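Report on the structure
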Amino acid sequence: MAAKADPPFGRLLTAMVTPFRVDGSVDLDAAAALATYLVDEQAHDGLVINGTGGEAPTTTDAEKADLVRTVVDAVGDRAHVVAGVGTNDTAHTLELAAAAEKAGADGLLAVTPYYSRPPQAGLVEHFRTLADATGLPVMLYDIPHRAGTALASETLLRLAEHPRVVAVKDAKSDLVASAGVMAASDLAYYSGDDALTLPLLSIGAVGVIGTSTHFCGPQARALVEAAITGDPAEALRLHRRLLPIFVGIFATQGAILVKAGLELQGRGVGGVRLPLVPATAEQREALAGALDAAGLPSGPGSGAA
């Protein structure tokens, strides 16, 4: 099945980590530099700011708005900037959405409300309320192993009727359900699990919002393009090549290992905020091995194969 043309946010995006200074404050200059690197050197069509990978649970509302504004100023003329605004409080989500829109975001990513585990009727009302309140296109984030509740296929199809609900970041690991929603709606599906990018593309997804793509942007882009343009052998070759880092980046929480990997490459962006903790020596060694196995740089000045 061919993927939809002209996806709303491009085909290759990364959920960008948030740089911090030594004192733990947000480093906006480093955020601008990292965004520029990802777009100009790592071939990204867009960036998600203030996602879980950006440690959104521990950044303030003001920091979130500053990050969106900074990244828009740095790359907004040549890449989509999508702001994570999802919380388990609809009113707070609306506040974050309004701030992101004011800061110049091109779209919103809203995760299923977590922990409180609302019923499907509550999910419909939550997301409809968000879509009614904003002028920006909305991407739903379906990740039940974090949120505690999955978006049922029927719920996704009901939400697809809203003109501003345009996409899904899919980390549900249910290819049959995802294929059914794609077949029955115009929702643009993005893989939210790096290792499932090729399987999802094969059933109609349009791209990926990655984590390991901090390191393998050009290669991941080539994988997506090969799958989209009908070169399954090349897509499979790239999938197999990149599988070590697709999997290895999630050996512990993604932000921890992305920041460790950037430091290994001489692009350090600071530490993490509690309750996250820095990568251990063993985790750093395993990550370097995963980068090497994928033919990617694992240190300053090293080149990809």
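Just so it is clear, the structure is predicted and the values come from calculations on it, not from any experiment.

Our next topic: the overall build of the chain. Along its length, the chain carries 12 helices and eight strands. Taking the principal axes of its C-alpha atoms as reference, the chain extends roughly 50 × 45 × 35 Å. When each of the 305 residues of the chain is scored for burial, the buried share is 54%. If you average the places of the 22 positive and of the 34 negative side-chain charges in the chain, the two averages end up 1 Å apart.

Attention now goes to the sheet that holds strand β2 (residues 46-49). Spatial ordering of the closed barrel is given by β1-β2-β3-β4-β5-β6-β7-β8, a layout of eight strands whose pairing is parallel. On average, each strand axis in the sheet is inclined to that of its neighbour by 25°, with strand direction left out of account.

In this structure, the amide linkage connecting Leu274 to the following residue, Pro275, adopts the cis form with an omega of 15°. Looking at where Pro275 falls in the secondary structure, it is placed in the loop between α11 (254-264) and α12 (281-293). Its identity is not glycine, yet Tyr115 carries a phi of approximately 70°, on the positive side. On the secondary structure map, Tyr115 appears in the loop between β4 (107-111) and α4 (120-133). Residue class for Tyr115 comes out exposed when judged on its relative accessible area of 74%. You will see that Arg117, though not glycine, has its phi angle at about 50°, which is positive.

Look at the UniProt record and you will see "active site" (unreviewed entry) annotated at Tyr141 and Lys169. Annotated residues spanning 29 residues; largest pairwise C-alpha distance 4.7 Å, indicating a single compact cluster. Among the residues examined, Tyr141 registers a relative accessible area of 10% and is labelled buried. Excluding its chain neighbours within four sequence positions, the residues that come into contact with Tyr141 are Leu109, Ala110, Val111, Thr112, Lys169 and Ala171. If you trace the backbone, Lys169 turns up in strand β6 (residues 165-170). Those residues in contact with Lys169 that sit more than four places away from it in its chain are Ala15, Leu109, Met139, Leu140, Tyr141, Asp142, Tyr190, Gly192 and Ile209.

Moving on: the UniProt feature "site: Part of a proton relay during catalysis" (unreviewed entry) in the chain. Those residues carrying the UniProt feature "site: Part of a proton relay during catalysis" (unreviewed entry) are Thr52 and Tyr115 in this numbering. Mapped onto the elements, Thr52 comes out in the loop between β2 and α2 (61-75). For Thr52, a relative accessible area of 29% gives the class partly exposed. In contact with Thr52, not counting residues within four places along its chain, are Arg146 and Gln253. For Tyr115, the residues in contact, after removing those within four places along its chain, are Asn88 and Ala147.

Before going further, it helps to spend a moment on the nonpolar core. Within soluble globular proteins, side chains that are nonpolar tend to cluster in buried spots. Within the largest apolar cluster, 82 residues are counted, with the highest numbers of intra-cluster contacts made by Met16, Leu47, Val75, Leu108 and Ile245. Every residue in contact with Leu47, bar those within four places of it in the chain, is listed here: Leu13, Thr14, Met16, Ala35, Leu38, Val39, Val71, Val75, His80, Val81 and Val82. With 16 residues, the next largest nonpolar core counts Leu109, Met139, Ile143 and Ala171 among its residues.

This brings us to the packing of aromatic side chains. Applying the stated criterion across every chain yields a total of one aromatic pair. Between Phe9 and Tyr190 the ring centres are 6.5 Å apart and the planes differ by 45°, which places this aromatic pair in the tilted class. Taken together, the positions of Phe9 in the segment before β1 (12-15) and Tyr190 in strand β7 (residues 188-191) put the pair 181 residues apart, joining distant regions of the chain. Exposure class is identical for Phe9 and Tyr190. Each is buried.

Attention now goes to the pattern of salt bridges. Going through the model one piece at a time under the given rule, you end up with 12 salt bridges. Glu55 is the partner of Lys259 in a salt bridge, and the nearest nitrogen-oxygen pair spans 2.8 Å. With a gap of 204 residues between them, Lys259 in helix α11 and Glu55 in the loop between β2 and α2 connect regions that are remote in the sequence. Close ionic contact of Lys172 with Asp142 constitutes a salt bridge, the shortest N to O distance being 2.8 Å. One end of the pair, Lys172, is in the loop between β6 and α7 (175-184); the other, Asp142, is in strand β5 (residues 138-142), and 30 residues separate them in sequence. Each member of the pair Lys172 and Asp142 is classed as buried. What emerges from the salt-bridge pattern is a single network uniting Asp40, Asp77 and Arg78.

Another aspect to go through is helix α3 (residues 90-103). Taking 1.5 Å per residue, 14 residues should reach 20 Å; α3 reaches 20 Å between its end C-alpha atoms and fits that length. Where α3 is concerned, the buried positions are Thr93, Leu96, Ala97, Ala100 and Ala103. In an axial view of α3, the angular spread of the buried residues amounts to 125°, which keeps them on one side of the axis. Residues Glu95 and Lys102 are exposed on α3 and point more than 90 degrees away from its buried face.

Conventions and cut-offs
Residues numbered from 1 in each chain as written. Predicted model: local features only at pLDDT ≥ 70, side-chain atom pairs only at ≥ 80, totals over all residues. Heavy atoms only, no water. Helix = DSSP H or I, 4+ residues; strand = E, 2+ residues; numbered from the N terminus. Buried < 20%, exposed > 50% of the residue type's maximum accessible area, 1.4 Å probe, protein only. Lys, Arg positive; Asp, Glu negative; His and termini not counted. Charge placed at Lys NZ, Arg CZ, Asp CG, Glu CD. Pairing = 2+ DSSP bridges. Axes fitted to C-alpha atoms, helices over the stretch in contact; angles between N-to-C directions. UniProt positions renumbered as here; feature names shortened; annotations may be inferred. Contact = heavy atoms within 4.5 Å. Core = buried A, V, L, I, M, F, W, Y, C linked by side-chain atoms within 4.5 Å. Phe/Tyr/Trp six-rings, centres within 6.5 Å; stacked < 30°, edge-to-face > 60°. Salt bridge = Lys/Arg side-chain N within 4 Å of Asp/Glu carboxyl O. Expected span 1.5 Å × (residues − 1). Arc of directions from axis to C-beta.

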